[in-house]
Amino acid sequence: MAIKAVRLPGIVDMKDPGNGIAFQLPAHHHAICAMTSAGAETRTLGSPQFSGQMVTLSFDVDGGNIVLTAAATVNQTGRDTLTFEDAGDEITLRGVIKAGALLWREVCNDGVALSTV
């Protein structure tokens, strides 16, 4: 039986940009993306487009680690680098406003290592 993805209104499937390329965040929606690697790869993630925006990134097919650098910190300690090492690693981020700037905040994390560049 094939698995059928059902999305709630306002949530869009975001295309995995591939190695060395930035994610294109939707301007008015939440997003979900299943990533695939063919070796050690990198991605970048810009700042949220609006307060409350949510993005879920999951590691679907593991051909090597994916290191994602976020333009905005993802937690209060200033982490901005996310490393996906194993298929099944997943993180959900939400856009918040801090001192007038849009930042990401980690909502839930299952296996994604966080560090600072």
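Residues numbered from 1 in each chain as written. Predicted model: local features only at pLDDT ≥ 70, side-chain atom pairs only at ≥ 80, totals over all residues. Heavy atoms only, no water.

**Remarks on the pattern of salt bridges**
- A full pass over the atoms with the stated rule returns 2 salt bridges.
- The closest approach of N and O atoms between Asp 16 and Arg 43, which form a salt bridge, is 2.7 Å. Of this pair, Asp 16 sits in the loop between β1 (11-13) and β2 (21-22) while Arg 43 is found in strand β4 (residues 41-45), placing the two residues 27 residues apart along the sequence. Accessibility classification places Asp 16 together with Arg 43 in one group, the buried group.
- One network of salt bridges, in which partners are shared, links Asp 16, Glu 41 and Arg 43. (Salt bridge = Lys/Arg side-chain N within 4 Å of Asp/Glu carboxyl O. Helix = DSSP H or I, 4+ residues; strand = E, 2+ residues; numbered from the N terminus. Buried < 20%, exposed > 50% of the residue type's maximum accessible area, 1.4 Å probe, protein only.)

**Some words on the packing of aromatic side chains**
- Tallying each qualifying case throughout the model produces 1 aromatic pair.
- Relative to Phe 84, the ring of Phe 59 lies with its centre 6.4 Å away and its plane at 80°, an arrangement referred to as edge-to-face. Highlighted residues: Phe 59 in strand β5 (residues 54-61) and Phe 84 in strand β7 (residues 81-84), separated in sequence by 25 residues. There is no split in this pair, since Phe 59 and Phe 84 are both buried. (Phe/Tyr/Trp six-rings, centres within 6.5 Å; stacked < 30°, edge-to-face > 60°.)

**Details of the sheet that holds strand β8 (residues 90-98)**
- Read across the open sheet, the 5 strands follow the order β1-β3-β5-β8-β9; overall the sheet is mixed. Each having just a single partner strand, β1 and β9 (101-110) make up the two edges of the open sheet. This sheet shows a mean twist of 25° between the axes of neighbouring strands, independent of strand direction.
- In terms of strand pairing, β5 meets β8 through 5 bridges, oriented antiparallel. Residue pairing in the sheet places Met 54 in a bridge with Arg 94 of β8. (Pairing = 2+ DSSP bridges. Axes fitted to C-alpha atoms, helices over the stretch in contact; angles between N-to-C directions.)

**Some remarks on the nonpolar core**
- In terms of nonpolar packing, the biggest core is built from 22 residues, with Leu 57 and Phe 84 touching the most fellow members.
- Among the elements of the structure, β3 (30-36), β5, β6 (66-70), β7, β8 and β9 are those that each provide at least two residues to this core. (Core = buried A, V, L, I, M, F, W, Y, C linked by side-chain atoms within 4.5 Å.)

**What about the pairing of β6?**
- On β6, burial follows the alternation: Ile 66, Leu 68 and Ala 70 on one face are buried, whereas Val 67 and Thr 69 on the facing-out side are not.
- Two elements, β4 and β6, share 5 bridges in a ladder whose sense is parallel. Within β6, the residue paired with Thr 42 across the bridge is Val 67.
- Where β6 lies against β7, 4 bridges are found, and the strand directions are antiparallel. Bridged to Thr 69 within β7 is Thr 81.

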